[in-house]
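Spelled out from the first residue to the last, the chains are:
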Amino acid sequence: MQDLIPWGIWIALFVFSYFFGTYKEKVHFANIVEREKALLLLPASSMKCPEDRAVVKTELVMGNVVIAGDFFKQVVAQLASLFGMRISVAEALMDRARREAVLRMKEKAAGADAILNVRVESMKIGERKKITGIEAMACGTAIYYAK
Amino acid sequence: MEITNIETIPGKRITTHFGLVCGSTVRSKNAFKDIGASFKNIFGGELKTYTHLLDESRQEAISRMIEHATSLGANAIVNVRFATSDVAAGAAEIYIYGTAVKVE
């Protein structure tokens, strides 16, 4: 009986983090889609050439975000790495982080006409094999054309 | 000071190149704030303390780069790039570099 208690906690954590993590992810994705729609008029491209128009101002803009993976995701990732499978939970995590970073960058460039040369970088946060979180950073040059 | 990550400052002409300028900062995590992060690590979500920490470090690195460029007499920096590296357990270096130029 004594031995079962840690396992009980482990299973409870596993199940609870699955539901909680999935719920949070769903809410976050809905939020991202909504904000992406609102910022559709500000194109962020990876091109370097501005349009052939008079330029008023240029500015370096960036946005970053650190997103933590949950307990369920870590267990699934460890299990999947035994068999060399596709880790879809990690894909969702990276996608969330990158899109959020690009959105924050766009929000900082409010009033600009375009963002040129957007670069997205990501970095693992955590010591050695442990993954505390994923950092995504987007930066680009916001350009304001003469009206 | 105008900073871009493309090769030119659109709408302006570059008159002088001063070469590479850089700024860097090494930051470590805060063990006390890490307690909160380890809870978040179970249930997922954004780690706001880390987001702020990294954002602040980048701003500091940029301001150091600007200082360097100003001391050379430049008024703009083009082709800025960001790099990060792990220097020790729990610490990261943020390195930002670009080309200092004079525009008119």
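None of these values were measured; they are calculated from a predicted model.

**Some remarks on the overall build of chain A**
At step 1: A count of helices and strands for chain A gives three helices and three strands.
At step 2: Over its C-alpha atoms chain A spans a radius of gyration of 20 Å, topping by over 25% the 15 Å that the globule rule assigns to 147 residues.
At step 3: Split into buried and exposed, the 147 residues of chain A put 39% on the buried side.
At step 4: Look at the contacts in chain A between residues 6 or more apart in sequence, and 81% of them connect residues 24 or more apart.
At step 5: Only carbon and sulfur atoms are counted for the fraction: they give 64% of the accessible area of chain A, which is about 8,700 Å².
At step 6: In chain A, 21 positive and 16 negative side-chain charges are present, and the distance between their average locations comes to 1 Å.

**Some details on unusual backbone geometry**
Of all residues except glycine, most have a negative phi; of all peptide bonds, most are trans.
At step 1: Residue Asn117(A) is not a glycine yet carries a positive backbone phi of 50°.
At step 2: Its place among the elements puts Asn117(A) in strand β2 (residues 114-125).
At step 3: Backbone geometry places Asn79(B), a non-glycine residue, at a positive phi of 55°.
At step 4: One can find Asn79(B) in strand β4 (residues 76-88).

**Some remarks on the interface of chain A and chain B**
At step 1: If you look at the interface, chain A gives 41 residues, while chain B gives 30 residues.
At step 2: Carbon and sulfur atoms supply 57% of the area that chain A and chain B bury against each other, a total of about 3,100 Å² over both sides.
At step 3: At the boundary of chain A with chain B, the tally comes to three salt bridges.
At step 4: Between Arg58(B) and Glu135(A) there is a salt bridge; the shortest N-O distance is 3.1 Å.
At step 5: The interface formed by chain A and chain B contains eleven residue pairs in polar contact (both at pLDDT 80 or more).

**Details of the pattern of salt bridges**
At step 1: All chains considered together, the criterion is met by 18 salt bridges over all chains.
At step 2: As a salt-bridge pair, Arg99(A) and Glu36(A) come within 3.2 Å of each other at their nearest N and O atoms. Here the residue Arg99(A) occupies a position in helix α3 (residues 88-108), and Glu36(A) occupies one in helix α1 (residues 4-38), the gap between them amounting to 63 residues.
At step 3: Classification of Glu36(A) as partly exposed rests on a relative accessible area of 26%.
At step 4: Taking the shortest distance from any N to any O, the salt bridge between Glu60(B) and Arg27(B) comes out at 2.6 Å. Placement of the pair is Glu60(B) in helix α2 (residues 48-72) and Arg27(B) in strand β2 (residues 14-28), with a sequence separation of 33 residues.
At step 5: Connected through salt bridges with shared partners, the residues Arg35(A), Glu100(A), Arg104(A), Glu107(A) and Glu46(B) form a single ionic network.

**As for the packing of α1(A) against α3(A)**
Residues and elements named next belong to chain A.
At step 1: For the pair α1 and α3, the least separation of the axes is 10 Å and the interaxial angle reads 35°. In this structure, the crossing between α1 and α3 has a hand that is left-handed. On α3, the residues touching Glu-25, His-28, Phe-29, Ile-32, Val-33, Arg-35 and Glu-36 of α1 are Ala-92, Asp-95, Arg-96, Arg-99, Glu-100, Leu-103, Arg-104 and Glu-107.
At step 2: Residues of the contact of α1 with α3, tallied by class, amount to five nonpolar, one polar and nine charged.

**Some details on the packing of helix α2 (residues 71-83) of chain A against α3(A)**
Geometry of a packed helix pair, given as the angle between the helix axes and the separation of the axes.
Residues and elements named next belong to chain A.
At step 1: Look at α2 against α3: their axes get within 9 Å of each other, and the N-to-C directions meet at 130°. The angle between the axes of α2 and α3 places the two elements in the oblique class. Listed contacts from α3 to Phe-72, Lys-73 and Val-76 of α2 are Val-89, Leu-93 and Arg-96.
At step 2: Across the contact of α2 with α3, the residue classes tally to four nonpolar, no polar and two charged.

**A word on the sheet that holds strand β5 (residues 91-103) of chain B**
Backbone-to-backbone hydrogen bonds pair the strands of a sheet. The strands run either parallel or antiparallel.
Residue and element names in this part refer to chain B.
At step 1: Across the sheet, which stays open at both edges, the four strands sit in the order β1-β4-β5-β2 with mixed pairing between neighbours. One side of each edge strand has no neighbouring strand; the edge strands of this open sheet are β1 (2-3) and β2.
At step 2: Bridging between β4 and β5 involves ten bridges; their strand directions are antiparallel. Residue pairing in the sheet places Asp-86 in a bridge with Ala-92 of β5.
At step 3: In the packing of α2 onto the sheet, the strands contacted are β1, β2, β4 and β5, and the crossing angle to β2 comes to about 145°.

**Observations concerning the sheet that holds strand β3 (residues 45-46) of chain B**
At step 1: Spatially, the four strands line up as an open sheet ordered β2(A)-β3(A)-β1(A)-β3(B), and their pairing is antiparallel. Edge positions in the sheet fall to β2 of chain A together with β3 of chain B, since each of these pairs with one other strand and no more.
At step 2: The strands touched by α2(B) within the sheet are β1 (55-68), β2 and β3 (133-145) of chain A together with β3 of chain B, with β1(A) carrying the most contacts at an inclination of about 145°.

**Some points on the environment of Glu36(A)**
At step 1: Expressed as a C-alpha distance, the spacing of Glu36(A) and Glu135(A), which sit 99 residues apart in the sequence, is 20 Å.
At step 2: Here Glu36(A) is in contact with Arg99(A) and Leu103(A), once residues within four sequence places are set aside.

**Regarding the confidence of the model for chain B**
Detailed reading of predicted coordinates is not advised where the pLDDT is low.
At step 1: Model confidence for chain B is summarised by a mean pLDDT of 87, while 100% of its residues fall at 70 or above.
At step 2: Overall fold confidence (pTM) sits at 0.88, and the ipTM for the predicted complex is 0.86.

Conventions used here
Along each chain, the written sequence defines residue order, and numbers are assigned to residues from 1. Naming scheme: in the order in which they are written, chains are lettered from A and ligands are numbered from 1. Thresholds applied to this predicted model are a pLDDT of at least 70 for local features of residues and 80 or more for the giving and counting of side-chain atom pairs; totals over whole chains, interfaces and linings are not thresholded and use all residues. As a rule here, side-chain values come from all non-hydrogen atoms in the structure, and water together with hydrogens is ignored. By the criteria applied, helices consist of DSSP H or I runs no shorter than four residues and strands consist of E runs no shorter than two, each listed in order from the N terminus. Here the globule rule reads 2.2 Å times residues to the power 0.38, and the radius of gyration is calculated from C-alpha atoms. For every residue, the accessible area (1.4 Å probe, protein chains only) is compared with the maximum for its type, and the residue is labelled buried under 20%, exposed over 50%, or partly exposed between those bounds. Throughout, a residue-residue contact means that at least one pair of heavy atoms, one from each residue, lies within 4.5 Å. Each accessible area is a Shrake-Rupley result for a 1.4 Å probe, and residues are judged covered by the shown protein chains and nothing else. For the charge count, each Lys or Arg is scored as positive and each Asp or Glu as negative, with His and the chain ends excluded. Here the site of a charge means NZ on Lys, CZ on Arg, CG on Asp, or CD on Glu. The term buried area means the drop in 1.4 Å probe accessible area that two parts suffer when joined, counted for both and summed. Criterion for a salt bridge: a side-chain nitrogen of Lys or Arg within 4 Å of a carboxyl oxygen of Asp or Glu. In the analysis that follows, any N or O atom pair within 3.5 Å is treated as a polar contact, provided that within protein one partner can donate a hydrogen and the other can accept it, and provided that, for residues neighboring in sequence, both atoms belong to side chains. Axis lines are fitted to C-alpha atoms, over the contacting stretch for helices. Their N-to-C directions set the angle, which ranges from 0 to 180 degrees. Handedness of a crossing is defined here by the sense of rotation of the near helix relative to the far one, left-handed for an anticlockwise turn of less than a right angle and right-handed for a clockwise turn. Three categories are distinguished: nonpolar for Ala, Val, Leu, Ile, Met, Phe, Trp, Tyr, Cys and Pro, charged for Asp, Glu, Lys and Arg, and polar for the others, with Gly belonging to the last. Any angle that falls under 35 degrees is termed roughly parallel, while one over 145 is termed roughly antiparallel, one within 65 to 115 roughly perpendicular, and all others oblique. Pairs of strands are assigned from DSSP output, requiring at least two bridges between the strands. Confidence scores here are pLDDT values: one per residue, from the predictor, ranging 0 to 100.

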